[in-house]
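# What the coordinates show
What follows is the residue order along each chain.
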Amino acid sequence: MRIDCPCCGPRDHDEFAYGGDASRTMPDIADTGMERWFDHVFLRDNPRGPHKEFWHHAHGCRQWLVVERDTVTHEIARVALARGEVSR
Amino acid sequence: MARYSLASVLANAIGGNKGWTRAWRDAEPKPEYDVVIVGGGGHGLATAYYLAKEHGITNVAVLEKGWLGGGNTGRNTTIIRSNYMIDGNTDFYEFSLKLWEGLSHDFNFNAMVSQRGQINLLHSPAQWDAAARRANIMRLSGIDAELIDREEVRRHLPYLDFSETARFPVHGAICQWRAGTVRHDAVAWGYARGASARGVDIVQNCEVTGFSREGDRIVGVETTRGAIRAKKVGLAVAGHSGVLAQKVGLKLPLESHLLQAFVSEPIKPLVDHVVTFGMGHFYISQSDKGGLVFGGDLDGYNSYAQRGNLPVVRDVATCGKTLMPCLSRIRLLRHWAGVMDMTMDGSPIIDRTPVPGLYLDGGWCYGGFKATPASGWCFAWTIARDEPHELNAKLRFDRFRRGVQIDEKGAGPTPGWH
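Since the structure is predicted, the reported quantities are computational estimates derived from the model, not experimental observations. (Residues numbered from 1 in each chain as written. Chains lettered and ligands numbered in written order. Predicted model: local features only at pLDDT ≥ 70, side-chain atom pairs only at ≥ 80, totals over all residues. Heavy atoms only, no water.)

This part takes up the overall build of chain A. Secondary structure assignment for chain A yields one helix and seven strands. If you list the helices and strands of chain A from N to C, you get β-β-β-α-β-β-β-β. Here chain A, with 88 residues, has 41% of them falling under the buried criterion. A separation of at least 24 residues holds for 43% of the contacts in chain A among residues at least 6 apart in sequence. Carbon and sulfur atoms make up 52% of the accessible area of chain A, which totals about 4,900 Å². In chain A, the 12 positive side-chain charges and the 15 negative ones have mean positions that sit 4 Å from each other. (Helix = DSSP H or I, 4+ residues; strand = E, 2+ residues; numbered from the N terminus. Buried < 20%, exposed > 50% of the residue type's maximum accessible area, 1.4 Å probe, protein only. Contact = heavy atoms within 4.5 Å. Areas by Shrake-Rupley, 256 points an atom, 1.4 Å probe, with all protein chains shown as cover. Lys, Arg positive; Asp, Glu negative; His and termini not counted. Charge placed at Lys NZ, Arg CZ, Asp CG, Glu CD.)

Shown next, in the form of structure tokens:
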């Protein structure tokens, strides 16, 4: 599996650290709703198919990326910088 | 169904071994059952077996989308042990090991349970102290555990790297001598045979595509072989728990990850125990056919692919060679990955779900095989009595919401880290 890093080009996924599901949004830090935090911290859609996820290019440019990858074929459809989600 | 015995073996030998019959019925699905178990792996078949044997519920179907035991039951490294430390796990896994010890006699099928002992290596005084704590907790719970020093390890495992230049010198080990391995396919066949003989229908090539509901309640399943009604539906589908839960709108506290395993070419007897490395994720045993069976870490990202990537292959090979330099020229014969439903605390769920009529046995992470008998036993109890047994009373569906996780490793809510 290779990830086409917007800064470094296609690199082996071994250079990246996995950051999990990127489709979730963290509740506001002042939010005291237990259900929303429970959902954010513990529950996942865990789809079989397209999955939007974070990868950190730990052994490269150290940028956080958002990757759209298929969890069955491992095919990567899109890679973008997590910051502002700039598409490459 | 004929009982296997020395007499039956001798009688069939005289008759040219032409008298053997099928071990279990390959059933056609009926339109309605009391209980439908989704998943014909070890856990699902064990559940059906104990439903029939312990609770007298025999109008049961086990639906398997492929062939019997073709999922993770055939994709593990066949290790059994009960060296757990956290309340909720300790007694459960010990109960499982006790069931393993009597299993072949119980279901009259040779599961080849081999209590060859597990040796977990320790590489520093700090690891020794942590292991001493684990061993004490295990022994207080009536489970066997023993700490052995470097010289004792050397006596058992002379093939490890005991040289002056060893990268991680062996300091000692924590051992569970009752741990060992089991022939995984025989577990599926034995439970299938026992369940089938008691009237359970085992239906292969029958994939569950959806659920039938009346109001909130689940009243059956839709399958590739037609709709089947059921009063209760139990899920035991390992890595695909999330896929089926999604069909009823349930979000689970888990992610599906890959775990790879490896078998080498067959060699003469070398590894007499189950041995685990203490400074990397690596565990090894030797099958009766002579192949070294070993595995390591998860691939680390969500996947349903049943095949892993090369970095883990390299990592496992590196760990193996660091521990046992004699492995350096051995060739791999087979290599595969299984899909694991990794929970947020690394422990499983055996419970009712918030959906009436639906029960879940899942979240086995990569420790499902050793739990097979206890999992089936407890899941059968939970389905039959509509409440968990004392042994799975802590393995609850809502423990994350209530903040009572069972996090053996203390890794926190990141499934890939357990």
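Structure shown, so let's carry the discussion forward.
Glancing now at helix H9 (residues 368–385) of chain B. All names here are of chain B. The principal kink in H9, of about 45 degrees, is found at Ala-374. Counting buried positions along H9 yields 16 of 18 residues, so the element is predominantly enclosed. Two residues or fewer after H9 comes Asp-386, characterised by a positive phi angle close to 60 degrees. (Bend = angle between axes of the 7 residues up to and from the residue.)

Looking now at the side chain of His-51 of chain A. Note on placement: His-51 of chain A falls in strand S4 (residues 50–56). The class of His-51 of chain A is buried, set by a relative accessible area of 5%. The residues touching His-51 of chain A, leaving out its near neighbours within four places in the chain, are Tyr-18, Asp-21, Val-67, Glu-68, Arg-69 and Thr-71 of chain A together with Asn-302 of chain B.

Here we come to the interface of chain B and chain A. In this assembly, 27 residues from chain B lie in contact with 23 residues from chain A. Of the roughly 2,300 Å² buried between chain B and chain A, counting both surfaces, carbon and sulfur atoms make up 50%. Taken together, the links from chain B to chain A amount to five salt bridges. Arg-44 of chain A is paired through a salt bridge with Glu-255 of chain B; the nearest N and O atoms lie 3.5 Å apart. Across the chain B-chain A interface, the total number found is 14 residue pairs in polar contact (both at pLDDT 80 or more). When residues in the side of chain B that touches chain A are grouped by element, the largest group, five residues, is from strand S12 (residues 254–266) of chain B. (Buried area = accessible area lost by both parts, 1.4 Å probe. Salt bridge = Lys/Arg side-chain N within 4 Å of Asp/Glu carboxyl O. Polar contact = N/O pair within 3.5 Å; in protein donor to acceptor, adjacent residues only side chain to side chain.)

A separate point is the pattern of salt bridges. Residue and element names in this part refer to chain B. Under the definition given, this model contains 28 salt bridges over all chains. The shortest N-O distance in the salt bridge between Asp-345 and Arg-399 comes to 2.7 Å. Residue Asp-345 is located in the loop between strand S16 (332–343) and strand S17 (349–352), and its partner Arg-399 is located in helix H10 (residues 399–402); the two are separated by 54 residues in the primary sequence.

Residues and elements named next belong to chain A. A positive phi angle, close to 50 degrees, is found at Asn-46, a residue other than glycine. When you line up the elements, Asn-46 lands in the loop between helix H1 (34–42) and S4. In the Ramachandran plot, His-74 falls in the positive-phi region, its phi being about 65 degrees despite a non-glycine side chain.

Looking now at the packing of helix H3 (residues 90–106) of chain B against H9 of chain B. Packed helix pairs are specified by the crossing angle of their axes together with the interaxial distance, meaning the distance between the axes. All names here are of chain B. Where H3 meets H9, the closest approach of the two axes is 8 Å, and the angle between their N-to-C directions is 95 degrees. With respect to each other, H3 and H9 are oriented roughly perpendicular. Where H3 approaches H9, its residues Phe-92, Tyr-93, Phe-95, Ser-96, Leu-99 and Trp-100 are matched on the opposing element by Phe-369, Lys-370, Ala-371, Thr-372, Pro-373, Ala-374, Ser-375, Trp-377 and Cys-378. A per-class count over the contact of H3 with H9 returns 11 nonpolar, three polar and one charged. (Axes fitted to C-alpha atoms, helices over the stretch in contact; angles between N-to-C directions. Parallel < 35°, antiparallel > 145°, perpendicular 65-115°, else oblique. Nonpolar A, V, L, I, M, F, W, Y, C, P; charged D, E, K, R; others polar.)

All names here are of chain B. Locating Asn-76 in the fold gives a position in the loop between strand S2 (60–63) and strand S3 (79–80). With relative accessibility at 14%, the residue Asn-76 sits in the buried group. For the pair Asn-76 and Ala-380, spaced 304 residues apart in sequence, the C-alpha separation works out to 23 Å. What Asn-76 contacts, discounting residues up to four positions off in sequence, is His-184, Trp-336 and Phe-369. A polar side-chain atom of Asn-76 sits 2.9 Å from the main-chain carbonyl oxygen of Asn-72.

Residues and elements named next belong to chain B. Read from one edge of the open sheet, eight strands run S5-S6-S4-S13-S14-S15-S12-S16, paired in mixed fashion. Of all strands in the sheet, those with a lone pairing partner are strand S5 (146–149) and S16, marking the two edges. The mean angle between the axes of side-by-side strands here comes to 25 degrees, regardless of whether they run parallel or antiparallel. Sheet topology places S12 next to strand S15 (residues 291–302); six bridges connect them, and they run antiparallel. Within the sheet, the bridge partner assigned to Phe-262 lies in S15 and is Phe-294. (Pairing = 2+ DSSP bridges.)

To continue, consider the environment of Lys-30 of chain B. Residue and element names in this part refer to chain B. By the secondary structure assignment, Lys-30 is in the loop between helix H1 (6–14) and strand S1 (32–38). Here the alpha-carbon distance between Lys-30 and Gly-226, two residues 196 residues apart in the chain, equals 9.6 Å. If sequence neighbours within four positions are ignored, Lys-30 has contacts with Asn-59, Asp-201 and Ile-228.

Residue and element names in this part refer to chain B. When you line up the elements, Arg-116 lands in the loop between H3 and strand S4 (118–122). Of note is the side chain of Arg-116, whose polar atom sits 3.3 Å from the side chain of Thr-181. Of note is the side chain of Arg-116, whose polar atom sits 2.7 Å from the backbone oxygen of Gln-286. Setting aside residues up to four positions removed in sequence, Arg-116 forms contacts with Trp-177, Ala-179, Gly-180, Thr-181, Asp-272, His-273, Val-274, Gln-286 and Asp-288.

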